[in-house]
Amino acid sequence: MTTTEIPVLNGRRALVTGASRGIGRALVVALAATGADVLAVARGEDGLQETAALATGPGRVSVLAADLRDPDSIDEVVARAVAELGGLDILVNNAATHLNGRIEDLPLEDYQQIVDLGLRSAWLLCKAASPLLGEGASVINVGSVCSLVAMHGETAYVATKHALLGVTRALALEWARRGVRVNALAPGWVETEMNQAVLQDADAMTWVRRNTPMGRWASTEEMAGPVVFLASDASSYMTGQVLVVDGGWTAR
Ligand SMILES: NC(=O)c1ccc[n+]([C@@H]2O[C@H](COP(=O)([O-])OP(=O)(O)OC[C@H]3O[C@@H](n4cnc5c(N)ncnc54)[C@H](OP(=O)(O)O)[C@@H]3O)[C@@H](O)[C@H]2O)c1
């Protein structure tokens with residue numbers, strides 16, 4: 001049994017966005033493995049079904065296809081969480097888009113999509129989920145090392161991830177007295193579709209390895225233990241914080 005298979009989340013009810021692949025998929029699998037019932041949300045129905053098939057429990061996984069750039073989708077997502085799970089104890093705002101580019105090249109429409117998904121949908125989900133979150137509930141916003149430091153050619157993404165950390169800290173203050181914790185995860189370079197362009201570029205791959213103190217990329221599974229920790233009572237006195245899981249990237 002690995003640390004992410006200890007049933008520390010038995011009976012908890014979790015909503016994970018961006019769950020049709022990548023980090024979100026690994027989080028759903030780990031949350032279910034540690035006992036949580038999970039509603040997995042993304043646009044791609046096929047990917048969501050694959051995620052559900054990979055999650056072997058003991059927690060149950062149900063899925064909902066929704067485009068979180070649409071503010072009208074948010075109430076439906078939260079209503080489905082109530083219908084499928086009977087409430088909500090863990091909210092993981094993980095969805096984000098791979099769109100990026102230097103400021104001279106990034107169209108306003110792409111900027112808007114990056115912000116609408118990566119920041120607004122997380123803020124709206126926190127707002128809509130608020131009445132459901134009771135004492136002991138945990139919100140985890142998936143930020144990035146870009147919540148803390150900049151990355152070349154990523155103005156909109158970096159701004160969104162910095163702002164998401166701002167929401168995390170501000171909401172942690174607002175909800176601390178009611179026993180609802182709000183923290184952020186800051187992954188470094190993780191092998192997912194989001195980094196497809198880098199993964200296909202030998203020079204860029206070398207640059208990432210050379211500049212990552214641990215000398216390698218993270219697997220999606222390496223994000224799971226930290227998120228289970230933030231979701232569970234193991235982190236019960238921790239709120240408004242960012243857990244950096246970056247192979248040493250920001251320690252340089
Ligand atoms: N990979 C990294 O190196 C890295 C590093 C730091 C932080 N992060 C953060 O980690 C999180 C997950 O990233 P990832 O690498 O796993 O990315 P990914 O593989 O591209 O997955 C993104 C997820 O978001 C979903 N999504 C995209 N647009 C959506 C929309 N409009 N509505 C609902 N869901 C949508 C995607 O599913 P559909 O396309 O099916 O909707 C997918 O499930 C993101 O917040 C990212 O910024 C990643």
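This write-up is about the structure you can find in this document.

Describing an aromatic ring pair means giving the distance of the ring centres and the angle of the ring planes. Taken as a whole and assessed by the stated rule, the structure comprises 4 aromatic pairs. Ring centres 6.2 Å apart and planes at 90° place the aromatic pair Trp 189 and Trp 207 in the edge-to-face group. Taken together, the positions of Trp 189 in the loop between strand S6 (181–187) and helix H6 (196–199) and Trp 207 in helix H7 (residues 202–211) put the pair 18 residues apart, joining distant regions of the chain. We classify Trp 207 as partly exposed; its relative accessible area is 37%. Here Trp 189 and Trp 249 contribute two aromatic rings whose centre-to-centre distance is 5.9 Å and whose plane-to-plane angle is 65°, an arrangement assigned as edge-to-face.

Right, let's get into the pattern of salt bridges. For side chains bearing opposite charge, pairing can occur when the charged atoms are close. Considering all chains together, one arrives at 11 salt bridges under this definition. In this structure, Arg 69 and Asp 67 form a salt bridge, with 2.6 Å as the shortest nitrogen-oxygen distance. Classification of Arg 69 by relative accessible area gives partly exposed; the value is 26%. Exposure remark for Asp 67: the relative accessible area of 27% places this residue in the partly exposed category. Ionic pairing is found between Glu 222 and Arg 216, a salt bridge with its closest N-O pair at 2.8 Å. Residue Glu 222 is classed as partly exposed on the basis of its relative accessible area, which comes to 32%. According to the relative accessible area criterion, Arg 216 is partly exposed, its value standing at 38%. The network of salt bridges with shared partners includes Arg 102, Glu 104 and Asp 105.

With that settled, consider the sheet that holds strand S5 (residues 138–142). As summarised here, the arrangement of the 7 strands in space is S3-S2-S1-S4-S5-S6-S7, forming an open sheet in which the pairing is parallel. Looking at the sheet topology across the chains shown, the edges are occupied by strand S3 (61–65) and strand S7 (242–245). Averaged over all pairs of adjacent strands, the angle between strand axes in this sheet comes to 15°, irrespective of strand direction. Two elements, strand S4 (residues 90–93) and S5, share 4 bridges in a ladder whose sense is parallel. Following the sheet pairing, Ile 90 is matched in S5 by Ser 138. The strands touched by helix H1 (residues 22–33) are strand S1 (13–17), strand S2 (37–42), S3, S4, S5 and S6; relative to S1, the strand with the most contacts, the crossing angle is about 170°. Strand contacts of helix H5 (residues 155–175): S5, S6 and S7, with the helix running at about 160° to S6, the strand carrying the most contacts.

Our focus in this paragraph is the site of the ligand. Within the structure, the ligand sits among 30 residues, and Ser 20, Asn 94, Tyr 157, Thr 192 and Asn 195 are positioned closest to it. At 2.5 Å from an oxygen atom of the ligand is found a side-chain nitrogen or oxygen belonging to Tyr 157. For the shell around the ligand, the secondary structure elements donating two or more residues are H1 and H5. Residues that form the shell around the ligand fall into these classes: 14 nonpolar, 10 polar and 6 charged.

Look at helix H3 (residues 72–85): 21 Å from first C-alpha to last across 14 residues, which is about the 20 Å you get at 1.5 Å a residue. Of all the residues in H3, the buried ones are Ser 73, Ile 74, Val 77, Val 78, Ala 81 and Leu 85. The buried residues of H3 occupy an angular sector of 135° when projected down its axis, which confines them to one face. Turned more than 90 degrees away from the buried face of H3, the exposed residues are Asp 72, Asp 75 and Ala 83. Immediately beyond the C-terminal end of H3, within one or two residues, lies Gly 86, with a positive phi of roughly 85°.

Taken across its 7 residues, S6 has 7 buried, putting it largely inside the fold. Residue alternation in S6 divides its side chains into two sets, Arg 181, Asn 183, Leu 185 and Pro 187 and Val 182, Ala 184 and Ala 186, and both sets are buried. Where S5 lies against S6, 5 bridges are found, and the strand directions are parallel. By the bridge assignment for S6, Ser 138 is matched with Arg 181. Taking the sense of rotation as the criterion, the β-α-β connection linking S5, H5 and S6 turns out right-handed.

Right, let's talk about the packing of H1 against helix H8 (residues 224–231) for a bit. Running from N to C, H1 and H8 point in directions that differ by 55°, and their axes come no closer than 9 Å. Taken as axis vectors, H1 and H8 run oblique relative to one another. With respect to the hand of their crossing, H1 and H8 are arranged in right-handed fashion. Each of Ala 26, Leu 27, Ala 30 and Leu 31 in H1 lies in contact with H8, whose residues at this interface are Ala 224, Val 227, Val 228 and Ala 231.

Parameters at a glance
- Residues numbered from 1 in each chain as written.
- Predicted model: local features only at pLDDT ≥ 70, side-chain atom pairs only at ≥ 80, totals over all residues.
- Heavy atoms only, no water.
- Phe/Tyr/Trp six-rings, centres within 6.5 Å; stacked < 30°, edge-to-face > 60°.
- Helix = DSSP H or I, 4+ residues; strand = E, 2+ residues; numbered from the N terminus.
- Buried < 20%, exposed > 50% of the residue type's maximum accessible area, 1.4 Å probe, protein only.
- Salt bridge = Lys/Arg side-chain N within 4 Å of Asp/Glu carboxyl O.
- Pairing = 2+ DSSP bridges.
- Axes fitted to C-alpha atoms, helices over the stretch in contact; angles between N-to-C directions.
- Contact = heavy atoms within 4.5 Å.
- Near = heavy atom within 4 Å.
- Polar contact = N/O pair within 3.5 Å; in protein donor to acceptor, adjacent residues only side chain to side chain.
- Nonpolar A, V, L, I, M, F, W, Y, C, P; charged D, E, K, R; others polar.
- Expected span 1.5 Å × (residues − 1).
- Arc of directions from axis to C-beta.
- Right-handed = clockwise from strand over helix to strand, strands pointing away.
- Parallel < 35°, antiparallel > 145°, perpendicular 65-115°, else oblique.
- Left-handed = near helix turned anticlockwise from the far one by under 90°.

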